[in-house]
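Results of the structural survey
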Amino acid sequence: MTDTNMAASRPETFRAAVWAQFRKHKGAVFGLIVLGLLILFSVLGPLIWAPEKLTVVEALKSKNLGPSLTHPMGTDQLGRDQMQRMMAAGKVSLAVGFVAMIIAIFLGTLIGVLAGYFRRLDGPLMRLTDMFLALPLIPLLLVMVMLFRDDLSRTMGPEMGAFVLIVFAIGVTSWMHAARIVRGEVLALKEREYVLASRSIGATPKRVILRHILPNVVSPVMVAATLGVAEAIITESVLSFLGLGFPPDFPTWGRLLFEGLEYMQLYPERVIFPGLAISLTVLSVNYIGDGLRDALDPRIRGR
Amino acid sequence: MADQALPVLEVRGLKTVFRTRGGEIHAVNDVSFHLERGELLGVVGESGSGKSVTMMSLIRLLPSPPADIRGGEVLLNGKDLLKMDAESLRQVRGAKVGFVFQDPMTSLNPVFNIGSQIMEPLRAHMGMTKAQAETRAVELLELVGIPDARKRLKAYPHQFSGGMRQRVMIAIALACDPDVLIADEPTTALDVTIQAQILELVKDLRQKLGMSIIWITHDLGVIAGIADRVMVMYGGQVVEQAPVRELFANPQHPYTRALLKTIPKISGARDARLKVIEGQPPIMGGVPVACPFRERCEYRHAPCDSINPARRAIDGQPVGRGHDVACHWTAPATQEVAHA
Amino acid sequence: MLEAHAVPSTAAPLVQVDGLKMHFPIYSGVLRRHTGDVKAVDGVSFSIKAGETLGLVGESGCGKSTVGRALLRLYEPTAGRVIIDGQDVASLAPEDLRKKRPMMQMVFQDPQASLNPRMTLSRIISEPLDEHTDWTEAKKQDWVHELMDSVGLNRRFANRFPHEFSGGQRQRIGIARALALNPKFIVCDEPIAALDVSIQAQVVNLLEDMQEKLGLTYLFISHDLSMVRHIADRVAVMYLGKIAELSPRDDLYSRPLHPYAEALLSAVNEPDPVIAAKRRRIILKGDVPSPANPPQGCNFCTRCPKVMDICRTVKPDLIEVEANRFVACHLYPTNLAAGSTGASEATERNQQGVTR
Amino acid sequence: MLTFTLRRLLLAIPTLLLISLVIFLLVDLAPGSPASEIPLTVPPEVRMKILEALGVNEPVHIRYLLWLKQFFWVEPLNGFDAIFGTNYAEGMQRIISYQSRSPVFPLIGERLPQTLTVIGTAYLVGVLIALPIGIYSAYKQYSLFDQFGTMFAMIGFSVPTFFTGTLFIIIFAVWLGWFPTKYDTTLAVTDWESFLKQLRQMAMPVMVLGLANAAAISRYMRSSMLENMSQDYVRTARAKGLDERTVVLKHVLRNSLIPVVTVIALGIPSIFGGAIITENLFGVNGIGSALIQAIRGNDLPMVQTLAFIFAILIVMFNLIADLLYGMLDPRIRYD
Amino acid sequence: ERGADGNVNVLYWQAPSILNPYLSSGTKDVETASLILEGLAGFDEKGVVFPRLAESVPTVENGGINAELTQITWKLKPGLLWSDGTPVTSADAKFTYEYCTHPEGGCAQAARYEGISSIETPDELTVVINFSAPKPNPYTAFVGGTSPILQAAQFANCLGAAASTCTEQNFKPIGTGPFVVTDFKVNDVVTLAANPNYRDPAKPAFATMTVKGGGDAAAAARAVLETGEFDYAWNTQINPEQQMQMAAAGKGVLLNGFGTLVERIEMNMTNPSPDLPEGERSTVKHPHPFLSDINVRKALSMAIDRQILVDIGYGSAGRATCNLVPAPEMFASPNTDCIAQDMEGAKALLESSGWVDADGDGVREKDGMPLKIVYQTSTNPVRQDFQAVIKDWWTELGVEVELKNIDASVFFGGDAGSPDTFQKFYADVEMYANNFDGTDPEPYLAQYKCDKIPGPDNQWQGENINRFCDPTYDALVDELSKTADMAKRGEIAIRLNEMLTKDSYVVVPLVDRGRLSAASNTLGGAVLNTWDTELWNVQDWFRVK
Ligand SMILES: Nc1ncnc2c1ncn2[C@@H]1O[C@H](COP(=O)(O)OP(=O)(O)OP(=O)(O)O)[C@@H](O)[C@H]1O
Ligand SMILES: Nc1ncnc2c1ncn2[C@@H]1O[C@H](COP(=O)(O)OP(=O)(O)OP(=O)(O)O)[C@@H](O)[C@H]1O
Ligand SMILES: [Mg+2]
Ligand SMILES: [Mg+2]
């Protein structure tokens, strides 16, 4: 059974193939570019854009300015350059969004897979999920902050400590949705013949899960992840609002948006820029997720 | 009703193309055939040869995009279905042409009960009241041999076995007394004993209702049992067409011949080894310029690579009416395929 | 190199199944009490000699796949013994079972569903190697290539994904995977059911070639009776979790004894209009009863055209009614079978000589 | 079905007990005490007295057991008394809010109506907007409408309600003057005029929450529709000669709604839970704002009770969603 | 004429949760309760005591207070009726005293009754209060919104532990004030109607009143100034820009008045280092490594420009101050030497006292101890702006600052288990605002006595937040408590104030914060009062036609 008209064995690697398919997805490319720009803006921006440090008095003279050449996004009520704040905020917000999402997805996938694959664990783990869903979020966060803030800020410094704490707090309180989805998916996957085939070979559950189950739950997980980034960025803003977030001189997009609210009528740009940044992030992550999902699926990739 | 002498259905030069990301797929190429009144036309061919697409093109059931019917005529009682507007076409579907699909497990809507699904076409086409439709639905279920029909109206598809579901599908297709019943591999998914039940049922129904039927399958055994005439498809084209006995007795196309040989027999001598058709089905990436079977053909010769053979009659009757074949090679007159 | 197993000529059977039962529990009630069982397999016994192919036929849902899977202990059997090559697989400890796995493998029904769509061909075929060997990557690749050669897959396909292959090719991948560890015994669970007619022959031929080359033993599950006739040496006909008839192939096809086997064979479509027109089918009425609630007497009594009163109350045993032919039916009185053991052994040996 | 329900209810009891313990401890452990409401002008001795009178200083296990008894015995008994005019519960100590020194349950009861009308309507509106968007987006996949739908949903996800709420207030209340910014919980709908007034005061909170809800549900609806659109039975329906509307709005929709309905059911507890930010912003003063006020004021009994009621609702609606799935999908049977 | 002006809509964005001020001391609760319940006397907008239920205000001059300052005699106006029509008697006052001093009651206003040895009621209209020691300021019990008179008949069964069971009473007290409660939804809305038995038949002008809660200060201001839905909004503390923008809408005005509320930075005199074992952090055992140096504290104060703080945070509702006690005038120090920022002076001061930046990292140090400060406060936009600005100044000064903000419910919660309360003070400096009740600063200043230092032994409940301890200060406080002469009292208080501020810089006052409330243009008669409740003269409110 030879096959003459098929192309020679593919030279491209897996990564190249995924990338090639990803590139075909217009939305995903758009998302990647936008997200890339946002990351550049936050990470490299401060290197390029560093308005000189003014004294308080000088700064206050130029407070609440609208966008101009010297201050492309205007200044805030203390005369701080908004663009500089947006950059600093972006670094934190993006990091929080992604790291918290990764924690949530990791936990959710882990618990979902364990519950779906091992019958015995299903009941207890699902009850645990119910419990987390039912827990009141704010007291939970308060407790976590109380228990860990000091230790963390001592070992990692106040900013890193707050970051770890917040990211962890958000991650730990938002994995439930992913867990449910993954569990449902795993229950179905478990009955697939290729899983049976793997078991007939004598594969251990660990291998079966790693090889056959996990790669096939990628697509629902991707959807959950997309939403997770958005949720994490917004939860962070609520946390800052409650005083549980970062130190006050540590701007995040959520915080800027919230602070800008007071000035919305007078200086709409104060809310437009952070709002736009959050929305763009979410939108681009969503499209990237779509593209990645397609690209990771060999059936679609092959087309 | 149209003239009794005319075929119920006449298809001329049908062409269907799928537009996909990877390019166009010419799934049906210049297919012509007809269906006489009261006749059962069997359609065989390997998977992907375009059987389903052809039949679904007839009543434009294919999703568009990606499907695009590029040309041809489909005359049902003389009226061209391809030129009809959506509303008139809707009135043909289910009323004049009944369709039975391959997989009885998924072709019924799982959330509506059997009764309402049978009654739907009755109410849509015949304007029946609920009560009338119900009476008729019971009749239909009884007709297809489902006992205790009135009670079963309330049942859901999942409460039926595969065979029963397929009967329900047939009942739906028969609901409005269509002129043509198209059955796309209706027994493939079923067990042998259930398959036997369905085949028996169809024979029965033909006697009772005198229906014209197109029966798609890739099981030559089924064809041998019920068809009047057989059309063999390959690579989106009709490669051979003949009355059933003629085809089995005197297959002309190399593909038909190979196909007949691959099948092990239930009786008679047991072959030491099964014949196989080597090679892959063609990729239908463009308008065919050569014989689609050439890669796998044991009789391949020069013209096969450059000319797509046209159908030619081999028994003197016009193409389509008697036995015709689309091949450059002429089979020797002696019967080569032996049967016990 | 793929090695041929020495086929012992005088043989204790390679596979010996005794009273295998596989019941899936049904739980119900507020406290999820165990209230019943789906008796998917309800007391099945047979044996397969080394190098032999046993065909297992029957309607969908009669328990064929369950037998196959329980044999390889993919299910935990409810009762019975499954002795494969001297060890009772049904009661092996997990680690021993793992060690045992290389010698018994399975080919699955749906070549699409049994291949992980996200793994390349070479990863799929080398999966058993990852599990059971500590070979280097290069050695594994060599072996994979060799396997691909022997099942007729071009080596260049190694990095492709399952969806890029035709059904027949996919099934070859499945077979290559099953062969990777040099098994002795392969359960083929309807390996051709999902394939196109023109491809079925390729796969069956391949299976036959492999058997010849490697001395494999097959349990060939199928509902395609003509294919089973082609490949099997002996055939077991199952109905609702039990074996209705177990006979040598030719005997069964020329003269089925059990009424169900008879009906089954009559339902097969002969691809010949002349014969088809003449033949009379036995059309069975009604549907298969639920295995959760089988009829009281003979499982087949609800549909049997030759049903007698006794069938509705007494379950018939599977007994040898003729030399080498086992039937579970009240039509065949038990005494006929008495003392026929010696004769059966003789024919059996004889038969082996004929087929192989 | 009945046994399934009973079984699940039985199972729910230990789960809920565990949840109650965790909630109780969590709330209790959280920093802050009711004293934060007391101004700094009040001297410490007085503070201590006040706290003592609230019973804050009892050991935690005693308070937990007492609270359990109150929740499961005293309060239901009180409810019984209220309905039948008996007085079995007389003299038993009810769960008392630290802030208002009055039983917690009547307070919650007082807040339910506005939460249910406003948040409930918002949920309903959200669903009613989401379904057509989801259906049409799926029907015309990749069309301009679909792209806009995606955009709308993403923005709905990414913009917090504190932002949309304030924006709406500025636009609709300050600039246009159409709607009041504060919800009047004392308004009784008696005639047409008061009904209109009620509509006007509900408009903004309902819009804010409705949009947020619509975003998520429209996504679910779309993907569910897409999945079903390519099913075989849809082709069957077309082959029967049904018109496009019937095919999509009857056959496809009915199937697609099954998972969406359960998602919607799972979201219902959030109606009872209220919406903290929106309620606060518009002065709806329902359960959500009760919760945040109680958290701010460290009113432990109130927080514990609300959180636990919420947990009960979540567990209940999980069950209801499962049952609903079974009722909508004839293939699923519980026995 | 009573009831002629229809309904008045008031917004208390922090909603009232109970209408009995003895069970909750929250401002929102006390103020709304003052619509219904009244005391014998109140404070007017200048802080002067004026009679309410009493016929006149007793003084030493008119003989109402005895010369030893141990007894005060109040006379009720004759013919006073409760809103239910029963007469008001001196027994009600005595009952109220018993109610609040019941040992199990947990009365929130117990401080108002401190020092009272007994109350006598020689006749129906006379209330005689005896003090156990001379009481220079006897206007505590029954004066102002925080200690009104309850109706004995209504609360008879609510003494002690039973207080919490009296929901009906606590929600709908019977009073003598201009309004009576018709409906009370906890933390949401109070609806009231004019008291038919109010002593002035012409008042109140409004027939009904609604007090709505919920939202935040900005939303409240908006509802009065921009949309005009409400007539009066309490405590509309918004940023100066917003003040201007909203006032420009023209539907109402912002009212402001200054009281004793001072936003200040407290310096921790003890070491809050987390390296110390728990139980020793921020205790007197370990003096602060650098804040115990007065030069550091002084330099930190000098580096702050208080006027800028006012401008960014409060606008017209604030003024720069150097005093802990900014009012009443008699008690306020004239000291203003901190108002002008002196960055150079501050730097020089540090240089000269040995705090120099030797290693060039921008942070000054001495003996290897760098000036690194943790600066905490509660979460609130203005405070965060202050933190940011002050951090800038201090950084310029060569001090490294780490900011920390804590949810108010935790910060002010006093939970001994939490590390984040302002009493625990696990930070170097912290910022908050505080004031005193009424017009007399004595108890307020007494908070800084040595024995009031919070620590593990008193469950961190002391009031001497910065752990200041000076025997001369303690002695002076004791003297104040014995001095009756008003001029003398003023002198001592000013002295005490200065000891804490300009002499030692343990307290660094920043802004004298006014009250800011909003009143609609159509509401007449609203006068902001910072000494009593804001609704003190609600009986005089009317609709401007
Ligand atoms: N939606 C589609 N998009 C692209 N190509 C399609 C689509 N549907 C069918 N095709 C192609 O059209 C060709 C004919 O398919 P068709 O379904 O008619 O085959 P068939 O003869 O019915 O096969 P089977 O026996 O498997 O049903 C195939 O090559 C298939 O790949
Ligand atoms: N895991 C399971 N739990 C419960 N019942 C099962 C399970 N697996 C199979 N069954 C039931 O056992 C019976 C036998 O199933 P099995 O799959 O063995 O049939 P089969 O003969 O292989 O059918 P097919 O030809 O369709 O593959 C069926 O009624 C099936 O519903
Ligand atoms: Mg087809
Ligand atoms: Mg099977």
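Computed from a prediction, not measured in an experiment: that's the story for all the values here. Counting restarts for each chain: residues are numbered from 1 in the order of the written sequence. Labels follow written order: the first chain is A, the first ligand is 1, and so on. Predicted model: local features are reported for residues with pLDDT of at least 70 only, side-chain atom pairs are reported and counted for 80 or more only, and whole-chain, interface and lining totals are derived from all residues. Side-chain metrics rest on all non-hydrogen atoms present in the structure, leaving aside hydrogens and water.

Thoughts on the overall build of chain A
Selection rule: Working definition: helices are DSSP H or I runs of at least four residues, strands are E runs of at least two. Numbering for both runs from the N terminus. In this description, contact between two residues means that some pair of their heavy atoms is separated by no more than 4.5 Å. Using a 1.4 Å probe, the Shrake-Rupley method yields the accessible areas, and only the shown protein chains count as cover for residues.
Scanning chain A from terminus to terminus reveals 15 helices and zero strands. Taken along its principal axes, the extent of the C-alpha atoms in chain A is 80 × 50 × 35 Å. Here the contacts in chain A between residues at least 6 apart in sequence split such that 70% fall between residues at least 24 apart. A total of about 12600 Å² of accessible surface is found on chain A, and carbon and sulfur atoms cover 68% of it.

Regarding the UniProt feature "transmembrane region" (unreviewed entry) in chain A
Rules: UniProt positions are given in the numbering used here, feature names are shortened, and annotations may be inferred rather than shown by experiment.
Within this structure's numbering, the places UniProt gives as "transmembrane region" (unreviewed entry) are residues 29-49, 92-118, 130-148, 160-182, 213-234 and 271-289 of chain A. With 90% helix and 0% strand, residues 29-49 of chain A has its two end C-alpha atoms placed 27 Å apart.

Describing the interface of chain D and chain B
Just so we agree on the cut-off: Accessible area that two parts lose when put together, evaluated with a 1.4 Å probe and summed over both, is termed the buried area. When a carboxyl oxygen of Asp or Glu lies within 4 Å of a side-chain nitrogen of Lys or Arg, that pair is called a salt bridge.
Tallying the contact residues gives 19 residues for chain D and 25 residues for chain B. For the pair chain D and chain B, the summed buried area comes to about 2100 Å², and 61% of that belongs to carbon and sulfur atoms. Across the contact surface, chain D and chain B share two salt bridges. Notably, a salt bridge pairs Glu120 of chain B with Lys240 of chain D, separated by 2.8 Å at the nearest N-O pair.

Remarks on the confidence of the model for chain A
Put simply, the rule reads: Think of pLDDT as the predictor's per-residue confidence, scored from 0 to 100.
Averaged over all residues, the pLDDT of chain A is 80; the fraction at 70 or higher stands at 93%. Element-level pLDDT for chain A is lowest in helix H15 (residues 298-301) of chain A, with a mean of 69, against a maximum mean of 89 in helix H5 (residues 82-117) of chain A.

Some details on the interface of chain D and chain E
When the parts of a complex come together, some accessible area is lost, and that lost area is often taken as the interface size. To keep it simple, the criterion reads: What qualifies as a polar contact is a pair of N or O atoms within 3.5 Å, subject to a donor-acceptor requirement within protein and to the restriction that residues adjacent in sequence count only when both atoms come from side chains.
Tallying the contact residues gives 48 residues for chain D and 58 residues for chain E. When chain D packs against chain E, the two sides together hide about 4000 Å² of surface, and 54% of this comes from carbon and sulfur. Among the residues chain D hides against chain E, the three largest losses belong to Leu40, Arg101 and Lys182 of chain D. Together they make up 18% of the total. Applying the counting criterion to the chain D and chain E interface returns zero salt bridges. Applying the counting rule to chain D against chain E returns 14 residue pairs in polar contact (both at pLDDT 80 or more). Those elements that place two or more of their residues in the side of chain D that touches chain E are helix H2 (44-54), helix H4 (104-139), helix H6 (161-175) and helix H12 (287-296) of chain D.

A word on the site of ligand 1
Residue and element names in this part refer to chain B. Spelled out, the test is: For each residue, the test is whether any non-hydrogen atom lies within 4 Å of the molecule or strand; if one does, the residue is near. Charged means Asp, Glu, Lys or Arg here, nonpolar means Ala, Val, Leu, Ile, Met, Phe, Trp, Tyr, Cys or Pro, and polar covers whatever is left, Gly included.
Taken together, 15 residues form the shell around ligand 1, and within it Ser47, Gly48, Ser52, Val53 and Glu185 come nearest. Between ligand 1 and Ser47, the relevant distance is 2.4 Å, taken from an oxygen atom to a side-chain nitrogen or oxygen of the residue. Between ligand 1 and Ser49, the relevant distance is 3.2 Å, taken from an oxygen atom to a main-chain nitrogen or oxygen of the residue. Isolated, ligand 1 exposes 630 Å² of accessible area, and the fraction of that covered by the protein chains is 69%. When residues of the shell around ligand 1 are traced back to their parent elements, those giving at least two are strand S1 (9-20), strand S2 (23-35) and helix H1 (51-58). No other element matches H1, which puts three residues into the shell around ligand 1. Of the residues in the shell around ligand 1, the class split is five nonpolar, seven polar and three charged.

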